[in-house]
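An overview of the molecular structure
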Amino acid sequence: MGALIMACINAVACAAGEMTGAMQPAQEAAAQVGADDEVRIRAAISKGVALLLAMQEGEPRAEWPYEGVYRVEGQIPIGYRVGGTAIVAMALIEAPGYESDVERLAAVRRAIQFIIGALDHPLMGPEVEARYDVRGWGYTYALQLVLMLIDRRQVPEDLSNACTDAVRILIDRINATEIVETGGWNYSRRAGFDKPSPSSAFMTAPTLQALFMARQQGFAVDPEVISRGIEALERGRMESGAFAYVGVGAKARDGLPGAIGRTVAAETTLFLCGRSSQDRLRAAVNAFFEHWNELEKRRAQPGTHAAPFGVAPYYFFYAHYFAAQAIEQL
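The paragraphs below set out a description of the structure included in this document.

What counts, and where the lines are drawn
- Every chain is numbered on its own, with residues counted from 1 as its sequence reads.
- In keeping with the model being predicted, local features are shown solely for residues with a pLDDT of at least 70 and side-chain atom pairs are shown and tallied solely at 80 or more, while totals for entire chains, interfaces and linings include all residues.
- Hydrogens and water molecules were not included; the side-chain quantities draw on all heavy atoms of the structure.
- Only runs of H or I of at least four residues qualify as helices and only runs of E of at least two qualify as strands under DSSP, and these elements are numbered from the N terminus.
- Here's how the labels work: a residue is buried when its accessible area is under 20% of the maximum for its type, exposed when over 50%, partly exposed in between, all with a 1.4 Å probe on protein chains only.
- Reported accessibility uses the Shrake-Rupley method at a 1.4 Å probe radius. Residues are deemed covered only where the shown protein chains occlude them.
- The span you would expect from a helix comes to 1.5 Å times its residue count less one.
- Working definition of a nonpolar core: buried Ala, Val, Leu, Ile, Met, Phe, Trp, Tyr and Cys residues. They are joined through side-chain atoms within 4.5 Å.
- Any pair of residues with heavy atoms lying within 4.5 Å of one another is described as a contacting pair.
- When two rings of Phe, Tyr or Trp (its six-membered ring) have centres within 6.5 Å they constitute a pair, described as stacked for plane angles under 30 degrees, edge-to-face for angles over 60, and tilted for the intermediate range.
- In the sections that follow, a salt bridge refers to a side-chain nitrogen of Lys or Arg positioned within 4 Å of a carboxyl oxygen of Asp or Glu.
- For every element, the axis is a line fit to its C-alpha atoms; helices are fit only across the contacting stretch, and the angle between N-to-C directions ranges from 0 to 180 degrees.
- Left-handed is the label given to a crossing in which the near helix is rotated counterclockwise from the far helix by less than a right angle, and right-handed is the label when the rotation is clockwise.
- As a working rule, the residues Ala, Val, Leu, Ile, Met, Phe, Trp, Tyr, Cys and Pro are called nonpolar, Asp, Glu, Lys and Arg charged, and the rest polar, with Gly in that last group.

**Side note on the overall build of the protein**
If you tally the helices and strands in the protein, you get 13 helices and 0 strands. Counting from the amino terminus, helix and strand elements in the protein follow one another as α-α-α-α-α-α-α-α-α-α-α-α-α. Scored against the burial criterion, the 330 residues of the protein give a buried share of 49%. Accessible area for the protein stands at about 15,800 Å²; split by element, carbon and sulfur atoms hold 54% of it.

The structure is reproduced here in structure tokens:
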């Protein structure tokens, strides 16, 4: 958490001055942070924790559903409910003081129980073949959450076996929903499951990172699935450095202004497996700062991929997370 916070502080320090090809060293940025800034940062984190705890919902209060425009029979789809819940739980775990915060420990425990139970939901199974298919978001972020808890030895003792089983189930379901013909994953399968469909960099990058985490912890992960996913990401990288929204050469969304979120995500993911470079990663971060206003224009706005750059409002937090991760690698 501290490294990510410092990465963000370094990012702000760089953005405030003239953008150059070289980032300021993290140590230099850290030296610019005074006691007042530290107090403000900690206060902001504490306020964020309190807000997230207050927003947990359901009966029992166990969920933080992502509330996008898509619905299944008028309801928020289970994939969004699981994915959103896992993301918020990870944020609460990352914030300092989690181990001694009784309220957070209880909230995350309820979230884990909800997620494990949700794996039995009919629309979270591997056999569903909807053309607009958001269960993958649930697979990816549920897997990241459980692996985080295992890695930190923070799994509640009575849920240990269920969490280990959940990891294996989630890996199997990620494998089952891979687009084998092209590699990678996509939540919008317009051609249906009976025909090849291009993968989405937006979805493939975090899914690969979840599989990297699983393999690092000793879980069985199919190397061919990872290899195809990596190749799919690489094919989506264009001459400008931007990554196509889906496949290769999606003309409406090839420009960097609309691609900065998925570009830092994809480039960092490729860097983590040795398929990118410091120069490419730095270019992706510089593009994030240069075109950041396109994210700000769309933040908290209605609609999804609005012209002229196809930026959807939900990219705002996604892009900032992966920009911080990219900076950390620099």
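**Remarks on unusual backbone geometry**
Between Glu59 and the following residue, Pro60, the backbone shows a cis peptide bond with an omega angle of 0 degrees. With respect to the element layout, Pro60 can be found in the loop between helix H3 (35-55) and helix H4 (78-94). Positioned with a positive phi, Glu73 is a non-glycine residue whose angle comes to about 50 degrees. Among the secondary structure elements, Glu73 is positioned in the loop between H3 and H4. Classification of Glu73 by relative accessible area gives exposed; the value is 79%. Backbone geometry places Ala300, a non-glycine residue, at a positive phi of 60 degrees. Mapped onto the elements of the fold, Ala300 is located in the loop between helix H12 (292-298) and helix H13 (315-329). Its relative accessible area of 70% is what places Ala300 among the exposed residues.

**Concerning H13**
The end-to-end C-alpha separation of H13 is 21 Å, in line with the 21 Å expected for 15 residues at 1.5 Å each. Every buried residue of H13 is accounted for by Tyr315, Phe316, Tyr318, Ala319, Phe322, Ala323, Ala324, Gln325, Ala326 and Ile327.

**Observations concerning the nonpolar core**
Judged by nonpolar contacts, the single largest core of 87 residues is most densely connected at Leu143 and Leu211. With 10 residues, helix H6 (residues 135-151) is the largest single contributor of residues to this core. Apart from the residues within four sequence positions on either side, Leu211 is in contact with Leu143, Ile171, Ile174, Trp185, Val221, Val225 and Ile226.

**Remarks on the packing of aromatic side chains**
Enumeration according to the criterion identifies 17 aromatic pairs in this entry. With 5.5 Å between their ring centres and 90 degrees between their planes, Phe316 and Phe317 make a pair best called edge-to-face. Take Phe316: its relative accessible area is 11%, and that puts it in the buried class. Overall, the relative accessible area of 68% leaves Phe317 in the exposed class. Ring pairing ties together the aromatic residues Tyr70, Tyr132, Trp137, Tyr141, Tyr187, Phe202, Tyr245, Tyr315, Tyr318, Tyr321 and Phe322, which thus form one cluster.

**Details of the pattern of salt bridges**
Enumeration according to the criterion identifies 13 salt bridges in this entry. Between Arg71 and Glu67 there is a salt bridge, with its nearest N and O atoms 3.6 Å apart. A relative accessible area of 31% places Arg71 in the partly exposed class. Under the relative-accessibility criterion, Glu67 is labelled exposed at 57%.

**Quick word on the packing of helix H8 (residues 201-216) against helix H9 (residues 223-235)**
When two helices pack together, you describe them by how their axes are tilted relative to each other and by the distance separating the axes. Where H8 contacts H9, the two axes come as close as 10 Å, and the packing angle between them is 145 degrees. Both H8 and H9 take part in a crossing whose hand is left-handed. On H9, the residues touching Ala201, Thr204, Ala205, Leu208, Leu211, Phe212 and Arg215 of H8 are Val225, Ile226, Gly229, Ile230 and Leu233. By residue class, the composition of the contact of H8 with H9 is 9 nonpolar, 2 polar and 1 charged.

Treat this as a map of the structure, not an account of what it does.
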